[in-house]
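Results of the structural survey
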Amino acid sequence: DVEKLNFGIQVYVFSFGVLFPLVLFLTDYANINITEFIDIKRGDILMKKEKYLKAIDRYQKALLQNSTNSDTFVRLGKAYNALGDRRTAFDRFARAVELNRNDYKSYYEIGLIFDEMNKKKDAQVVLDNALRIKPDFTDASVLLANVLCAQNKFDEAINVYKEAIKYDPENFEANVEKLR
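Throughout what follows, the structure given in this document is the object of discussion. Bear in mind the structure is a predicted one, so any value in this text is a computation, not a measurement.

**What about the packing of helix H7 (residues 120-133) against helix H8 (residues 138-150)?**
Taken N-terminus to C-terminus, the directions of H7 and H8 make an angle of 150°; their axes are 9 Å apart at the nearest point. Relative to H8, the element H7 lies roughly antiparallel. In this structure, H7 crosses over H8, and the sense of that crossing is left-handed. Contacts between H7 and H8 pair Lys120, Ala123, Gln124, Leu127, Asp128, Ala130 and Leu131 from the former with Ala140, Ser141, Leu143, Leu144, Val147, Leu148 and Ala150 from the latter. Of the residues belonging to the contact of H7 with H8, the class tally is 10 nonpolar, two polar and two charged.

**Re the pattern of salt bridges**
Following the criterion strictly, the structure yields 10 salt bridges and no others. Aspartate 44 is the salt-bridge partner of lysine 41, the closest N and O atoms lying 3.7 Å from each other. Pair noted here: lysine 41 and aspartate 44 are both in helix H2 (residues 34-48), with a separation of three residues, about one helical turn. Relative accessible area serves as the criterion here: at 29%, lysine 41 is assigned to the partly exposed category. Judged by relative accessible area, which is 18%, aspartate 44 ranks as buried. For lysine 166, the salt bridge identified is with glutamate 163, shortest N-O distance 3.4 Å. With lysine 166 and glutamate 163 both in helix H9 (residues 154-167) and three residues apart, the pair spans about one turn of that helix.

**Description of the side chain of asparagine 81**
Position of asparagine 81 among the secondary structure elements: in helix H4 (residues 70-83). Relative accessible area serves as the criterion here: at 16%, asparagine 81 is assigned to the buried category. The residues contacting asparagine 81, other than those within four sequence positions of it, are Arg86, Ala89, Glu109 and Ile113.

**Here's the deal with the nonpolar core**
Formed by 37 residues in total, the largest nonpolar core has its most connected members in Tyr108, Ile110, Leu127 and Ala140. When residues of this core are traced back to their parent elements, those giving at least two are H2, helix H3 (52-65), H4, helix H5 (86-99), helix H6 (104-116), H7, H8 and H9.

**Details of the side chain of glutamine 151**
Within the secondary structure layout, glutamine 151 lies in the loop between H8 and H9. If we skip the residues at most four places from it in the chain, glutamine 151 touches Lys120, Lys121 and Gln124.

**A few points about H3**
For the α-helix, the turn length of 3.6 residues means that residues three or four positions removed from each other point alike. The first and last C-alpha atoms of H3 sit 20 Å apart over 14 residues, in line with the 20 Å expected at 1.5 Å per residue. The elements touched by buried residues of H3 are H2 and H4.

**Observations concerning the environment of arginine 87**
Looking at where arginine 87 falls in the secondary structure, it is placed in helix H5. For arginine 87, a relative accessible area of 53% corresponds to the exposed category. Along the sequence, arginine 87 and glycine 77 sit 10 residues apart, while their C-alpha atoms lie 9.5 Å from each other.

Cut-off values and rules
Residues numbered from 1 in each chain as written. Predicted model: local features only at pLDDT ≥ 70, side-chain atom pairs only at ≥ 80, totals over all residues. Heavy atoms only, no water. Axes fitted to C-alpha atoms, helices over the stretch in contact; angles between N-to-C directions. Helix = DSSP H or I, 4+ residues; strand = E, 2+ residues; numbered from the N terminus. Parallel < 35°, antiparallel > 145°, perpendicular 65-115°, else oblique. Left-handed = near helix turned anticlockwise from the far one by under 90°. Contact = heavy atoms within 4.5 Å. Nonpolar A, V, L, I, M, F, W, Y, C, P; charged D, E, K, R; others polar. Salt bridge = Lys/Arg side-chain N within 4 Å of Asp/Glu carboxyl O. Buried < 20%, exposed > 50% of the residue type's maximum accessible area, 1.4 Å probe, protein only. Core = buried A, V, L, I, M, F, W, Y, C linked by side-chain atoms within 4.5 Å. Expected span 1.5 Å × (residues − 1).

Here it is, written out as structure tokens:
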């Protein structure tokens, strides 16, 4: 019985320690090499630990492997934004959009930066782009509605809120609270 248990544990560890990550890598990251993948994942871990400069270093190393990975530019943008460097964050998000015109999350991040800079019209344009790509992106809807309110476009804001509620009625209040 102990041998069966040990064998079972070994199979479990092998399956989830080797095979499962390998399958994830092959399916989700088929376009990147293993070195780039490791640098990205290390950067993600450093971001969670709030070690932003070290995360930036890892993401930049990943870009040396593949300078056209828009997801890595998004990660860099978030790291620079966490450091308070809005200009560089903006540049990285803009590069992500250049590489992938359907990157609705980067449009949203740029919208946040414009909103913080009190550039409401610019924020409105990029948030409209995000919602054109992903109409059910509630965070972008809520931010857009807030941006419209700041421009005294209350009727438009109400329509945006109504649309957002259709997509995510249960979480809508939480999304509104996040941006207050």
